[in-house]
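# Fold and geometry: a report
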Number of protein chains: 2
Amino acid sequence: MWLKCEHLQPVGAFKMRGAYTAISRLSDAERARGVVTHSSGNHGHAVAYAAKLLGTHAVIVMPTNAPQVKIEGIKRHGGEIVQVPREDRESTALRLERERNLVPVPPYDHADVILGQSTCALEILDDLPQVTTIMTPIGGGGLLAGTSATVAALKPSVQVYGVEPAASAKLTAALAEGHPVHFAFADTIADGLIPPSIGSLTFEYIRRVVKEAIRVTDEEIAVAVKFLFQKMGLRVEPSGAVTVAALLHGHLKPTGTTVGVLSGGNVDPELFARLTA
Amino acid sequence: MWLKCEHLQPVGAFKMRGAYTAISRLSDAERARGVVTHSSGNHGHAVAYAAKLLGTHAVIVMPTNAPQVKIEGIKRHGGEIVQVPREDRESTALRLERERNLVPVPPYDHADVILGQSTCALEILDDLPQVTTIMTPIGGGGLLAGTSATVAALKPSVQVYGVEPAASAKLTAALAEGHPVHFAFADTIADGLIPPSIGSLTFEYIRRVVKEAIRVTDEEIAVAVKFLFQKMGLRVEPSGAVTVAALLHGHLKPTGTTVGVLSGGNVDPELFARLTA
């Protein structure tokens, strides 16, 4: 199995691809207005950093209980933080968008964000033309949609799988129902993979290419995080390690040349120490 | 500063380059005899793995107090372990070489080992043709000698620096004296950089290219290990982090395009947890 090390990207996650692409494709007039997002995780961090690089102002709406390390990361890039109760994040971002005339940069359900995430699979096809299988984590579906778009355009024979936490099997449900299904908040260590639903736009890309969802438990994810650190020296966050969890536990029998995307590496130090002890 | 991530190599260190190259250049008759080395660290692990890949038998002489994790790593690759008191390692390897007609694969002072280590700088020049400065850790000098050979042959304008623990400043002494100087055992967390001396062969390559040694303290190395893990998610062993320690503490003012080699990532879990807490 080959590993695509997106946890080594700037901001420690593939999210930089989509955030940078989306903001870089804004007009000068739009960039002068500033951008807003309500992701408290890697996407929020990526929007703050991309905004700095591209000379615009970013407002990141975060829950009041956001970890200090994430707040500091965003502040270091000059991002403006607005903290509200978790359930008010989306409505607050929408209000700020209107009141302050900001441009929204959503975490996944947006064509330019998906375009950015599609470059990950582009690099995989460049680096490893013989690839036959690509597995990515799936939460809202930005990475899997971008991967699907690239594979459909350039090498449709590649099998693409999305791996999700069993506690929040949104892709499984969407593939069964034929449309995204809304899920209640789920408790899982894969905290980057639990938006309430797959995006309706991302699902349009995904459904054309992805035949199967793979589900992994928190116990399996924990084993993968520990394996990646102890055996390979890689610090990968639980959400980023689900592809390796799937393979380690036999949920997919690799045939040919299989690539698993490690999507991010930002993990609370105490949780990481506990998982890898 | 760019980082050359040798800690992500097989066996977690650049040592695989030299061990594999040296064993691959043996004749069939030599490979049929088997190889021996007395390094208990990354070189021993690399020799065991390269021997397995190239179909020969490896005997690794290790001190009786070698960490269990290193013993297991070597055993996993089918290496034969002979444990003796630390001070008897070299003489035991020499005795085994004679008694069992084994071929020695020394850790650094050997032309084919240096040839293998030279491929690290070759990749740097390929990946980053605009490089102006390369820093590598130095212990016995294999990596720095290989780097010097590559730079002398392909881009002599590159400034090459060796970084060593202040407690065992063998390159500083050798450059001052004009020849390798023997050092007593030094106590430093950079436990991969304390052979008794720079090699006489490695120094011949180094002296032609390297103008300056940089010394870093254990405190500076500890800061670098913590920085690399917390900010970049990289697990690097203390010996492998000395280049970043030198830059973080202003021992070298980078001009142009500077590359620091992270030479290895194998570190005792308890020490690592303590350094990164």
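Only a predicted model underlies this, so the values are computations on that prediction, with no experimental measurement involved.

Time to look at the sheet that holds strand β2 (residues 35-37) of chain A. Residue and element names in this part refer to chain A. Strand order in this open sheet of 4 strands is β4-β3-β2-β5, and the pairing throughout is parallel. Here the strands that pair on one side only, and so sit at the sheet edges, are β4 (80-84) and β5 (103-104). Note that β2 and β5 share 2 bridges and pair parallel. When the bridges of β5 are listed, Val-36 appears paired with Pro-104.

Once that is clear, we can look at unusual backbone geometry. Residues and elements named next belong to chain B. Within the chain, Val-11 stands out as a residue other than glycine whose phi angle is a positive 65 degrees. Relative to the elements of secondary structure, Val-11 occurs in the loop between β1 (2-5) and α1 (15-24). Despite not being glycine, Asn-101 shows a phi value in the positive range, around 60 degrees. Following the sequence through the fold, Asn-101 ends up in the loop between α5 (89-99) and β5 (103-104).

Contact with chain A, which involves 10 residues of that partner, is made by 10 residues of chain B. Of all residues in chain A, Leu-8, Phe-229 and Arg-235 of chain A give up the largest surface area on contact with chain B, accounting jointly for 56% of the area buried on that side. Run the count over chain A and chain B and you get 0 salt bridges. One can count 2 residue pairs in polar contact (both at pLDDT 80 or more) joining chain A with chain B. Per-element tally for the side of chain A that touches chain B: the top contributor is helix α10 (residues 218-232) of chain A, with 4 residues.

Another point: the nonpolar core. Buried together is how nonpolar side chains tend to be arranged in soluble globular proteins. If you look at the biggest cluster of nonpolar residues, it comprises 52 residues, and the most contacted ones within it are Met-135 of chain A together with Met-135 of chain B. Once residues lying within four places of it in the same chain are set aside, the contact partners of Met-135 of chain B are Met-1, Tyr-161, Val-163, Ile-214, Thr-243, Ala-246, Leu-247, Leu-252, Thr-258, Val-259, Gly-260 and Val-261 of chain B.

Let us now look at the relation of the copies chain A and chain B. Mapping chain A onto chain B leaves a residual RMSD of 0.0 Å; the transformation is a rotation of 180 degrees accompanied by 0.0 Å of translation along its axis. Expressed as a symmetry operation, the mapping of one chain copy onto the other fits a two-fold axis. No C-alpha of chain A approaches the rotation axis more nearly than that of Leu-234 of chain A, which lies at 3.2 Å. Mapped onto chain B, 100% of the interface residues of chain A again fall at the interface, so both copies present the same surface.

It is worth spelling out the environment of Arg-33 of chain B at this point. All names here are of chain B. Topologically, Arg-33 is positioned in helix α2 (residues 28-33). The exposure class of Arg-33 is partly exposed, given its relative accessible area of 35%. A sequence separation of 67 residues divides Arg-33 from Arg-100, and the C-alpha atoms of the two residues are 8.1 Å apart. Every residue in contact with Arg-33, bar those within four places of it in the chain, is listed here: Asn-101, Leu-102 and Val-103. At 2.9 Å, the side chain of Arg-33 forms a polar contact with the backbone oxygen of Asn-101.

Once that is clear, we can look at the pairing of strand β3 (residues 58-63) of chain B. Residues in a regular strand project their side chains so that they alternate between the two faces of the sheet. All names here are of chain B. When you tally the buried positions in β3, you get 6 out of 6 residues, the bulk of the element. What you see with β3 is no split at all: Ala-58, Ile-60 and Met-62 on one side and Val-59, Val-61 and Pro-63 on the other are buried throughout. As defined by bridge partners, strand β2 (residues 35-37) adjoins β3 across 3 bridges and the pair is classed as parallel. Counted as the bridge partner of Thr-37 is Ile-60 from β3. Across 5 bridges, β3 lies against strand β4 (residues 80-84) in parallel orientation. Residue Met-62 lies in a different strand from β4, and its bridge partner there is Gln-83.

Residues and elements named next belong to chain B. Here helix α3 (residues 42-53) contains 12 residues, and its C-alpha end-to-end distance of 16 Å stays within 8% of the 16 Å for a straight helix at 1.5 Å per residue. Within α3, 9 of the 12 residues are buried, which leaves the element mostly enclosed by the surrounding structure. Residues Asn-42, His-43, Gly-44, His-45, Ala-46, Val-47, Ala-48, Ala-50 and Ala-51 constitute the buried set of α3. Where α3 is buried, its residues touch α1, β2, β3 and α4 (68-76). Just downstream of α3 lies Gly-55, where phi reads positive at about 75 degrees.

Here we come to the domain arrangement of chain A. Residue and element names in this part refer to chain A. The domain architecture assigned to chain A consists of domain 1 (2-8 + 110-276) and domain 2 (15-104). On the domain 2 side, the residues contacting the 12 residues of domain 1 number 7 residues. Together domain 1 and domain 2 conceal approximately 990 Å² of surface at their shared face, both sides included; 45% is due to carbon and sulfur atoms. The salt bridge partner of Arg-17 is Glu-123, with a shortest N-O separation of 2.8 Å. Along the contact surface separating domain 1 from domain 2 lie 7 residue pairs in polar contact (both at pLDDT 80 or more). Per-element accounting of the side of domain 1 that touches domain 2 gives the leading share, 8 residues, to helix α6 (residues 111-127). Residues that form the side of domain 1 that touches domain 2 fall into these classes: 3 nonpolar, 4 polar and 5 charged.

What follows concerns the packing of helix α10 (residues 218-232) of chain B against helix α12 (residues 269-276) of chain B. Residues and elements named next belong to chain B. Here α10 crosses α12 at 85 degrees, and the two axes come no closer than 8 Å. Regarding the angle of α10 to α12, the classification is roughly perpendicular. Residues Ala-222, Val-225, Lys-226, Phe-229 and Gln-230 of α10 lie in contact with α12, whose contacting residues are Phe-272, Leu-275 and Thr-276. Classifying every residue of the contact of α10 with α12 by side-chain character gives 5 nonpolar, 2 polar and 1 charged.

Let us now look at the sheet that holds strand β1 (residues 2-5) of chain A. Residue and element names in this part refer to chain A. The parallel open sheet is built from 5 strands, whose spatial order is β1-β9-β6-β7-β8. Looking at the sheet topology across the chains shown, the edges are occupied by β1 and β8 (212-216). Ignoring strand direction, the axes of neighbouring strands in this sheet form an average angle of 25 degrees. Bridging between strand β7 (residues 159-165) and β8 involves 5 bridges; their strand directions are parallel. Residue pairing across strands places Pro-165 opposite Val-216, the latter belonging to β8.

The next subject is the side chain of Thr-202 of chain B. All names here are of chain B. Its location among the elements puts Thr-202 in helix α9 (residues 200-207). Taking relative accessible area as the criterion, Thr-202 reaches 0% and is therefore assigned buried. One polar contact links the side chain of Thr-202 to the main-chain carbonyl oxygen of Gly-140, over a distance of 2.9 Å. Among the polar contacts listed, one links the side chain of Thr-202 to the backbone oxygen of Gly-199, at a separation of 3.1 Å. If sequence neighbours within four positions are ignored, Thr-202 has contacts with Tyr-108, Asp-109, Ile-114, Gly-140, Gly-141, Gly-142 and Ala-145.

Rules and cut-offs
Residues numbered from 1 in each chain as written. Chains lettered and ligands numbered in written order. Predicted model: local features only at pLDDT ≥ 70, side-chain atom pairs only at ≥ 80, totals over all residues. Heavy atoms only, no water. Pairing = 2+ DSSP bridges. Helix = DSSP H or I, 4+ residues; strand = E, 2+ residues; numbered from the N terminus. Contact = heavy atoms within 4.5 Å. Buried area = accessible area lost by both parts, 1.4 Å probe. Salt bridge = Lys/Arg side-chain N within 4 Å of Asp/Glu carboxyl O. Polar contact = N/O pair within 3.5 Å; in protein donor to acceptor, adjacent residues only side chain to side chain. Core = buried A, V, L, I, M, F, W, Y, C linked by side-chain atoms within 4.5 Å. Buried < 20%, exposed > 50% of the residue type's maximum accessible area, 1.4 Å probe, protein only. Least-squares fit on C-alpha atoms with pLDDT ≥ 70 in both. Expected span 1.5 Å × (residues − 1). Domains from an automatic or database assignment. Nonpolar A, V, L, I, M, F, W, Y, C, P; charged D, E, K, R; others polar. Axes fitted to C-alpha atoms, helices over the stretch in contact; angles between N-to-C directions. Parallel < 35°, antiparallel > 145°, perpendicular 65-115°, else oblique.

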